[in-house]
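# Structural characterization, general
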Amino acid sequence: MSKRVALIGSGNAFFKDEGVGLYAAKYIKENYFFNQDELEIVDGGTLGFKLMPLLQEFDAVMIVNTASDESKRVGAISIKTTDEFLDGELVKKTANEVEIAEMLQICSMAERMAETIVISIVPEDIISVEVSLTENIRNVWDEYIQTIIVQLQKMGIEILKENEKLSLDAILDIFANPSIEHSRGF
């Protein structure tokens, strides 16, 4: 039996860089081919605690989001297991960052919890109300996507890149102008 994996894009698309996890999950969903039975890509948005059932339903979970950490440069990418995430100094500047950390703390005490990693990127602007990314985050976009892909492959997911169907700018436009055609963004 193969491992069931969830890729959760987390963040708030209305506060510039804070939406990067959502954009990355959508980008991968649109531009990569993978076995649907093994990988589910989830719009985690700002659901926080409502994501808890996923940590018990799946064998492995990857959360992609921001991690506000002024001790690191903007665009720095980190990969942490739940234990590493909870053992480190948690810098939480947004409600979403707080809820993800608290959800992981609660779930880590449960009898069953998916093998979970968090891939975070240090944002520059999580204050401006705009569906966009700063230039500094755009500059590391490809590295962020590749980091996610490599970690999914380490989880046993076979992924092939298709010809780019949707560019980053097209993804941002979908989130800025949600419609039924695009499943209201995701």
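Structure shown above.
Let us look at the structure shown here. Since we're looking at a predicted model, the values are computed, not measured. Residue numbering note: each chain is counted from 1, following its sequence as written. With the structure being a predicted model, the display of local features is reserved for residues of pLDDT at least 70 and the display and counting of side-chain atom pairs for 80 or more, all residues being used for whole-chain, interface and lining totals. The side-chain numbers reported here are obtained from all heavy atoms of the structure, hydrogens and water having been left aside.

## Examining the overall build of the protein chain
The helix count covers DSSP runs of H or I at least four residues long, the strand count covers runs of E at least two residues long, and both are numbered beginning at the N terminus. From N to C terminus, the protein chain includes seven helices and seven strands. Counted from the first residue to the last, the protein chain has its helices and strands arranged as β-α-β-β-α-β-β-α-α-β-α-α-β-α. Radius of gyration: C-alpha atoms only; globule rule: 2.2 Å multiplied by the number of residues to the exponent 0.38. Relative to its length of 186 residues, the protein chain is compact, with a C-alpha radius of gyration of 15 Å against a globular reference of 16 Å. For the protein chain, the spread of C-alpha atoms along the principal axes amounts to about 40 × 35 × 30 Å. Pairs of residues are marked as contacts when any of their non-hydrogen atoms sit within 4.5 Å. Counting only contacts in the protein chain whose residues sit at least 6 apart along the sequence, the fraction spanning at least 24 positions is 80%. Calculation of accessible area relied on Shrake-Rupley with a 1.4 Å probe; when residues are assessed, cover is drawn exclusively from the protein chains displayed. Here the protein chain displays about 9200 Å² of accessible surface, and carbon together with sulfur accounts for 48% of that area.

## A closer look at the side chain of Asn 65
Relative to the helices and strands, Asn 65 is located in strand β4 (residues 60-66). Identification of polar contacts relies on pairs of N or O atoms within 3.5 Å, with a donor-acceptor requirement for protein atoms, meaning one able to donate a hydrogen and the other able to accept it, and with residues adjacent in sequence counted only if both atoms are side-chain atoms. Here Ser 120 takes part through its side chain, which lies 2.7 Å from a polar atom of the side chain of Asn 65. Once residues lying within four places of it in the same chain are set aside, the contact partners of Asn 65 are Ser 10, Val 20, Gly 21, Ile 100, Val 118, Ile 119, Ser 120, Ile 121 and Tyr 144.

## Here's the deal with the sheet that holds β4
Read across the open sheet, the five strands follow the order β3-β1-β4-β6-β5; overall the sheet is mixed. Only two strands of the sheet have a single neighbouring strand rather than two, namely β3 (39-45) and β5 (77-81). Sheet twist, expressed as the average angle between the axes of neighbouring strands with direction ignored, equals 20°. Sheet topology places β5 next to strand β6 (residues 115-121); five bridges connect them, and they run antiparallel. Counted as the bridge partner of Ile 79 is Ile 119 from β6. To obtain each axis, a line is fitted to C-alpha atoms, and for helices this fit is confined to the stretch in contact; angles are then taken between N-to-C directions over 0 to 180 degrees. Across the face of the sheet, helix α1 (residues 20-31) comes into contact with β1 (5-10), β3, β4 and β6 while running at roughly 135° to β1. DSSP calls a pair of strands paired once it identifies at least 2 bridges connecting them.

## Let's talk about the environment of Val 20
Structurally, Val 20 can be placed in helix α1. Residue exposure (1.4 Å probe, protein chains only): buried if accessible area is under 20% of the type maximum, exposed if over 50%, otherwise partly exposed. Residue Val 20 is classed as buried on the basis of its relative accessible area of 1%. The spatial distance from the C-alpha of Val 20 to the C-alpha of Ile 148 is 12 Å, given a sequence separation of 128 residues. Apart from residues lying up to four places away in sequence, Val 20 is in contact with Asn 65, Thr 66, Ile 121, Leu 133, Ile 137, Trp 141 and Tyr 144.

## Things to note about a nonpolar patch on the surface
Patch building starts from residues that exceed 30% relative accessible area and form no salt bridge, then joins like charges within 9 Å and nonpolar side chains (Val, Leu, Ile, Met, Phe, Trp, Tyr) within 5 Å. When a carboxyl oxygen of Asp or Glu lies within 4 Å of a side-chain nitrogen of Lys or Arg, that pair is called a salt bridge. A cluster of nonpolar side chains, namely Phe 49, Ile 106 and Met 109, defines an oily patch on the protein surface of about 310 Å² accessible area. Structurally, the position occupied by Ile 106 is in helix α4 (residues 95-107). Given the relative accessible area of 41%, Ile 106 is considered partly exposed.

## Things to note about helix α7 (residues 168-176)
Listed in full, the buried residues belonging to α7 are Leu 168, Ile 171, Leu 172, Ile 174 and Phe 175. One side of α7 holds all its buried residues, which, seen down the axis, span an arc of 155°. Elements that come into contact with the buried residues of α7 comprise α1, α5 (135-139) and α6 (141-154). Taken from the helix axis, the directions to the C-beta atoms give the arc we talk about.

## Section: the pairing of β3
Most of β3 is tucked away: five of the seven residues are buried. The pairing of β1 with β3 spans six bridges and is parallel. Bridging from a neighbouring strand, Ser 10 pairs with Gly 45 of β3.

## Side note on the nonpolar core
Take the buried Ala, Val, Leu, Ile, Met, Phe, Trp, Tyr and Cys residues and link them wherever side-chain atoms come within 4.5 Å; each set so joined is a nonpolar core. Ranked by internal contacts, the top residues of the largest apolar core, which has 39 residues, are Leu 7, Tyr 23, Met 62, Trp 141, Ile 148 and Leu 152. With residues up to four places along the chain from it excluded, the contact list for Leu 152 reads Val 5, Leu 7, Leu 39, Met 62, Ile 157 and Ile 159. Of all hydrophobic cores here, the second largest spans 18 residues; its members include Val 42, Leu 51, Leu 55 and Val 118.

## Side note on α6
Relative to the 20 Å expected for 14 residues at 1.5 Å per residue, α6 spans 20 Å between its end C-alpha atoms, a close match to the ideal helical length. Of all the residues in α6, the buried ones are Trp 141, Tyr 144, Ile 145, Thr 147, Ile 148, Ile 149, Gln 151 and Leu 152. Of the residues one or two after α6, Gly 156 is the one with positive phi, at around 95°. Multiplying one less than the number of residues by 1.5 Å gives the expected span of a helix.

## Quick look at unusual backbone geometry
Look at Lys 16: it is not a glycine, yet its phi comes out positive at around 40°. When you line up the elements, Lys 16 lands in the loop between β1 and α1.

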